[in-house]
Amino acid sequence: MRRLSFLLLGLAIAAQAAPDSPVSYFRDIRPILQRQCQGCHQPAVKSGGLLLTSYEGLKAGGGKGPVFEPGAPGKSRLLGQLKGDLAPRMPFNQPPLAAEQIELFRRWIAAGASDDTPAEARETVAPDKPPVYHLPPVITALAYSPDGATLAVPGYREVLLHKADGSGLVA
């Protein structure tokens, strides 16, 4: 398992932008955010008021305002915290990012910090717009309410609450 982790890490680093190629938010920056940052900066936690599960959340910033200014890496609070120049160092209570990864952020911000996320990869699930299943979803867990009246069934980024007697959907 450990060997596989190192292999995947090596592939991820090799897939990152070459020093002279443009840095892609979708290909280069987003994977780092997913691995290193989204545990604390996601809708359920949103540490510092910062949401890092989408480009829009990153651009909006957190409780202290925007974390970067496109084209101005020297003014970036994001870079300052990744490098440890500003407290708290990020990722919080974790090993710092590799210098090559921080350089990707710097180059991306310097180049204008654009969002190149393809339309098909954009978030389309929202509370008022639930997913449409074309195949039955894989059910990895089930849970009954303490009174046994409701059954919780996970789906794709949602949990459906069914009446335990099978008579309908609660929420």
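Described in the following lines is the structure provided in the data block. (Residues numbered from 1 in each chain as written. Predicted model: local features only at pLDDT ≥ 70, side-chain atom pairs only at ≥ 80, totals over all residues. Heavy atoms only, no water.)

### Concerning the overall build of the chain
Logical step 1: For the chain, the helix and strand inventory stands at five helices and three strands.
Logical step 2: Along its sequence from the N terminus, the chain presents helices and strands in the succession α-α-α-α-α-β-β-β.
Logical step 3: Looking at the chain as a whole, 29% of its 171 residues qualify as buried.
Logical step 4: Once local pairs closer than 6 in sequence are excluded, the contacts in the chain between residues at least 24 apart make up 38%.
Logical step 5: Approximately 11,200 Å² of the chain is accessible, and the part contributed by carbon and sulfur atoms is 60%. (Helix = DSSP H or I, 4+ residues; strand = E, 2+ residues; numbered from the N terminus. Buried < 20%, exposed > 50% of the residue type's maximum accessible area, 1.4 Å probe, protein only. Contact = heavy atoms within 4.5 Å. Areas by Shrake-Rupley, 256 points an atom, 1.4 Å probe, with all protein chains shown as cover.)

### A look at the packing of helix H2 (residues 25–36) against helix H5 (residues 99–110)
Logical step 1: Running from N to C, H2 and H5 cross one another at 130 degrees; their axes reach a closest spacing of 11 Å. Classified by the angle their axes make, H2 and H5 are oblique. The crossing of H2 and H5 is left-handed. Counting all contacts with H2, which are made through Tyr25, Asp28, Ile29, Ile32, Leu33 and Arg35, the residues of H5 involved are Gln101, Leu104, Phe105 and Trp108.
Logical step 2: When its residues are assigned to classes, the contact of H2 with H5 shows seven nonpolar, one polar and two charged. (Axes fitted to C-alpha atoms, helices over the stretch in contact; angles between N-to-C directions. Parallel < 35°, antiparallel > 145°, perpendicular 65-115°, else oblique. Left-handed = near helix turned anticlockwise from the far one by under 90°. Nonpolar A, V, L, I, M, F, W, Y, C, P; charged D, E, K, R; others polar.)

### Side note on a nonpolar patch on the surface
Logical step 1: Together, Val159, Leu161 and Val170 line one region of the surface with nonpolar side chains, adding up to about 230 Å² of accessible area.
Logical step 2: Looking at the element boundaries, valine 170 is found in the segment after strand S3 (159–163).
Logical step 3: The class of valine 170 is partly exposed, set by a relative accessible area of 48%. (Patch = residues over 30% accessible without salt bridge, like charges linked within 9 Å, V, L, I, M, F, W, Y side chains within 5 Å. Salt bridge = Lys/Arg side-chain N within 4 Å of Asp/Glu carboxyl O.)

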